[in-house]
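Below are the chains, spelled out letter by letter.
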Amino acid sequence: MRRAVCPGSFDPITNGHLDIIGRASRLYDEVYVAVMINKSKKGLFEIDERIDLIREVTADYGNVRVEAFHGLLVDFCKQRDIPAIVKGLRAVSDFDYELQMAQMNIGLSGVETLFVPTNPTYSFLSSSLVKEVATWGGDVSHLVPAVVFEALAQRLEKD
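Heads up: these notes are all about the structure in this document. (Residues numbered from 1 in each chain as written. Predicted model: local features only at pLDDT ≥ 70, side-chain atom pairs only at ≥ 80, totals over all residues. Heavy atoms only, no water.)

### Considerations on the overall build of the protein chain
In step 1: Along the protein chain, the regular secondary structure elements total six helices and five strands.
In step 2: Listing every helix and strand of the protein chain by position from the N terminus yields β-α-β-α-β-α-β-α-β-α-α.
In step 3: For the C-alpha atoms alone, the extent of the protein chain along its principal axes is close to 45 × 35 × 30 Å.
In step 4: Intrachain contacts of the protein chain at a sequence separation of at least 6 include 75% that bridge at least 24 residues.
In step 5: Here the protein chain displays about 8900 Å² of accessible surface, and carbon together with sulfur accounts for 52% of that area.
In step 6: If you average the places of the 17 positive and of the 22 negative side-chain charges in the protein chain, the two averages end up 4 Å apart. (Helix = DSSP H or I, 4+ residues; strand = E, 2+ residues; numbered from the N terminus. Contact = heavy atoms within 4.5 Å. Areas by Shrake-Rupley, 256 points an atom, 1.4 Å probe, with all protein chains shown as cover. Lys, Arg positive; Asp, Glu negative; His and termini not counted. Charge placed at Lys NZ, Arg CZ, Asp CG, Glu CD.)

### Considerations on the sheet that holds strand β5 (residues 112-117)
In step 1: Taken in spatial order, the five strands line up as β3-β2-β1-β4-β5 in an open sheet, and their pairing is parallel. Since the sheet does not close on itself, it has two edges, and those belong to β3 (64-69) and β5, each with one partner. Within the sheet, the average angular offset between the axes of one strand and its neighbour, ignoring direction, is 30°.
In step 2: Together, β2 (30-36) and β3 form the strand contacts of helix α2 (residues 47-58), whose direction differs from that of β3 by roughly 170°. (Pairing = 2+ DSSP bridges. Axes fitted to C-alpha atoms, helices over the stretch in contact; angles between N-to-C directions.)

### Here's the deal with the pairing of β2
Side-chain positions along a regular strand alternate between the two faces of the sheet.
In step 1: Of all seven residues making up β2, six are buried, and the element is well covered by its neighbours.
In step 2: By the bridge criterion, six bridges tie strand β1 (residues 3-8) to β2 in an arrangement that is parallel. The residue of β2 that forms the bridge with G8 is V35.
In step 3: Where the polypeptide runs from β1 across helix α1 (residues 15-27) and back to β2, its parallel neighbour, the crossover connection is right-handed.
In step 4: Bridge count between β2 and β3: six bridges; the pairing is parallel. When the sheet's bridge partners are listed, M36 is paired in β3 with F69.
In step 5: Regarding topology, α2 serves as the crossover connection from β2 to the parallel β3, and that connection is right-handed. (Buried < 20%, exposed > 50% of the residue type's maximum accessible area, 1.4 Å probe, protein only. Right-handed = clockwise from strand over helix to strand, strands pointing away.)

Shown next, in the form of structure tokens:
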């Protein structure tokens, strides 16, 4: 069985993330979406909320599993016998950072990193940008799945 992982904070998951996850799901038998736990950062959505949203929007893929992780991604991979990390690249600046991470990961554990160029439609898109625009009342409905847009609107309404 060919396995890969798509890691990130996914706070919230965007259509750009889904594009990468969907493409990975066509290349691998099993794709893990690893939701990063960073206790030093306060996310807009709690980890369990992110996991629920991701599970809902990836349910049609059939071969995607969603789990939280804390610590080194290579340890997550070793524990699940995952030999590859799939990362989307939006720009050259992403490549500079991700190449360093990929080299560190292969040096630590032999886990390979596959870089997938982002669909140009999503080349500017990030969770941070979605949150910022939504916070100021901008329309982000075309940048996230409908269920995520609803959750985002409800969360920002509370704040």
